[in-house]
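Chain and residue survey
Residue-level listing of the chains:
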Amino acid sequence: MKTRKRYSVLALLAAGGIGAALGFVLNEPRPAVALARASAVAPAPAAQPAADGKLRIIFFGAHPDDSEYRGAGVAMKWAKAGHHVKLVSTTNGDIGHWREAGGPLALRRTKEVVEVGRQLGVATEVLDIHDGEIMPTLENRRIITRLIRQWNADVVITNRPNDYHPDHRYTSILVQDSAYMVTVPFFCPDVPPLQKNPVFLYSSDRFQRPNPFRADVAVAIDDVIEPTLDALLVMESQIHEGGANGHAGLFPDDEAGRQRRRDQVRKDLARRYVGYANSYRDALVRYYGQDRGRKVQYAQAFEVCEYGRQPSEDELKKMFPF
Ligand SMILES: [Zn+2]
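As a starting point, this report considers the structure included with it.

What counts, and where the lines are drawn
- Residues numbered from 1 in each chain as written.
- Predicted model: local features only at pLDDT ≥ 70, side-chain atom pairs only at ≥ 80, totals over all residues.
- Helix = DSSP H or I, 4+ residues; strand = E, 2+ residues; numbered from the N terminus.
- Buried ≥ 20, exposed ≤ 12 C-beta atoms within 10 Å, placed from the backbone.
- Contact = placed C-beta atoms within 7 Å.
- Expected span 1.5 Å × (residues − 1).
- Pairing = 2+ DSSP bridges.
- Axes fitted to C-alpha atoms, helices over the stretch in contact; angles between N-to-C directions.
- Parallel < 35°, antiparallel > 145°, perpendicular 65-115°, else oblique.
- Left-handed = near helix turned anticlockwise from the far one by under 90°.
- Nonpolar A, V, L, I, M, F, W, Y, C, P; charged D, E, K, R; others polar.
- Right-handed = clockwise from strand over helix to strand, strands pointing away.
- Core = buried A, V, L, I, M, F, W, Y, C linked by C-beta atoms within 7 Å.

Okay, the overall build of the chain next. Secondary structure summary: the chain contains 10 helices and nine strands in total. A total of 322 residues make up the chain; the buried ones form 46% of that total. Residue pairs in contact within the chain that sit at least 24 positions apart in sequence constitute 77% of those at least 6 positions apart.

Take a look at the structure:
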């Protein structure tokens, strides 16, 4: 196990005004993965949503922005209806910028996604595993299994395992590896197993091999698109400054230049959700009927994973009660 003179980041934002808790341990030589495991196990304010009959949804993304893009509008719709949503980043994002890296970047990105979560009305957690270094290990499988159990999830959402980024691939593999184990009593016996296996879903992507994405559910987000864009645009390090592949010219120092960039990225982001609506129009029509389905401007789509509970069409509609 590696030990490095680095830092730890755990950010947890509880929905519904429970409050935000941020813990930073600076410059302590600690094994990063063990620390992340400890943070995942530690009881936290938002670890157990109220057992109030509402849905409990947990998203896993590799970096502090992935769950946010994938959750976005649908997370806000669930939250507005009183359902409990959590967005998890499985790495701390500490190499996700062209100019800065390490602890300060992990802190900056954590603050960004905590604010996104606050605006969407959902809980946020960032695990302290280095960006670019997550592996599908047994230890990480335990972390993911515990998080799903602690959230008592009905629905688990991640990206598909065929993806350009190794952290995305391995995060998806880890979620898949937990899709059965969450129900097995003597795997991680310190956290009670789920009595009912959640439904596992993949968010949409453009990858064609080994098989293209299939839209089993599509959700119109027209009614929440503006506050959703407002929330996502909080992630300046990634969106305005371009993240790992950005450069200084993208987000200039002068206010006029910065405003131009803000307008541009907002348009680009909106276009992304327009693209989903057009790509998954058939699923929108199936879900909303011809009239409404054809008119949807902004959407998100999800595919049912073959692992975990296999929902009927009826059950799926109950999980997306929009
Ligand atoms: Zn990512």
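Having seen the structure, we can now continue with the description.
Turning next to helix α7 (residues 255–279). Compared with an ideal rise of 1.5 Å per residue, which puts 25 residues at 36 Å, α7 spans 36 Å between its outermost C-alpha atoms and is within 8% of the ideal. Those residues of α7 not exposed but buried are V265, Y273, Y276 and A277. Packing partners of the buried residues in α7 comprise α6 (225–232), α8 (281–288) and β9 (299–308).

This brings us to the pairing of strand β8 (residues 217–220). Here β8 shows a buried face lined by V217 and V219 and a second buried face lined by A218 and A220. Two strands pair when backbone bridges link them, and β8 and β9 are joined in this way by four bridges, in the antiparallel orientation. Bridging across to β9, V219 finds its partner in Q300.

The subject of this paragraph is the packing of helix α4 (residues 138–150) against helix α5 (residues 166–181). Here α4 crosses α5 at 60°, and the two axes come no closer than 9 Å. Taken together, the axis directions place α4 and α5 in an arrangement best described as oblique. Seen along the crossing, α4 lies across α5 with a hand that is right-handed. Note on element contacts: α5 touches α4 through L174, V175, D177, S178 and M181, opposite N140, R141, I144, T145 and I148.

Let us now look at the packing of helix α2 (residues 66–80) against α6. Between α2 and α6, the least distance of the axes is 9 Å, while the angle of their chain directions is 145°. As α2 packs across α6, the resulting crossing turns out to be right-handed. Counting all contacts with α2, which are made through E68, Y69, A72, G73 and M76, the residues of α6 involved are I225, P227, T228 and L232. Across the contact of α2 with α6, the residue classes tally to six nonpolar, two polar and one charged.

To continue, consider the pairing of strand β5 (residues 123–126). Burial of β5 is two-sided: the residues A123 and E125 facing one way and the residues T124 and V126 facing the other way are all buried. Relative to β5, strand β4 (residues 84–89) runs parallel, the two sharing four bridges. Of the residues in β5, the one forming a bridge with V88 is E125. Read from β4 through helix α3 (residues 103–120) to β5, the crossover connection turns out right-handed.

The subject of this paragraph is α3. Here α3 spans 26 Å end to end across 18 residues, near enough to the 26 Å set by a 1.5 Å rise per residue. Among the residues of α3, those classed as buried are L105, A106, L107, R109, T110, E112, V113, V114, V116, G117 and L120. G121 occupies a position one or two residues after α3 and carries a positive phi of about 85°.

It is worth spelling out unusual backbone geometry at this point. R209 connects to P210 through a cis peptide bond whose omega is 5°. In this model, A72 sits at a positive phi of 35°, which is unusual for a non-glycine residue. Here A72 shows up in helix α2. Residue A72 is classed as buried on the basis of its 27 C-beta neighbours within 10 Å.

If you look at the biggest cluster of nonpolar residues, it comprises 70 residues, and the most contacted ones within it are I58, A75, A218 and A299. Top contributing element to this core by residue count: α2, with seven residues. Dropping the residues within four chain positions of it, A75 is found in contact with V85, L87, L120 and V122.

Position of M135 among the secondary structure elements: in the loop between β5 and α4. The spatial distance from the C-alpha of M135 to the C-alpha of R169 is 9.3 Å, given a sequence separation of 34 residues. With sequence-adjacent residues up to four places away left out, M135 is seen in contact with N140 and Y170.

Positionally, C188 belongs in the loop between α5 and β7 (199–203). Counting along the chain gives 43 residues from C188 to T145, while the straight-line C-alpha distance between them is 7.9 Å. Residues within four places of C188 in sequence aside, it is in contact with R142, T145 and R146.

Tracing the backbone through its elements, the reader meets F213 in the loop between β7 and β8. Leaving out residues up to four positions away in the same chain, F213 has contacts with R160, S204, D205 and E303.

Keep in mind these values describe shape, not function.
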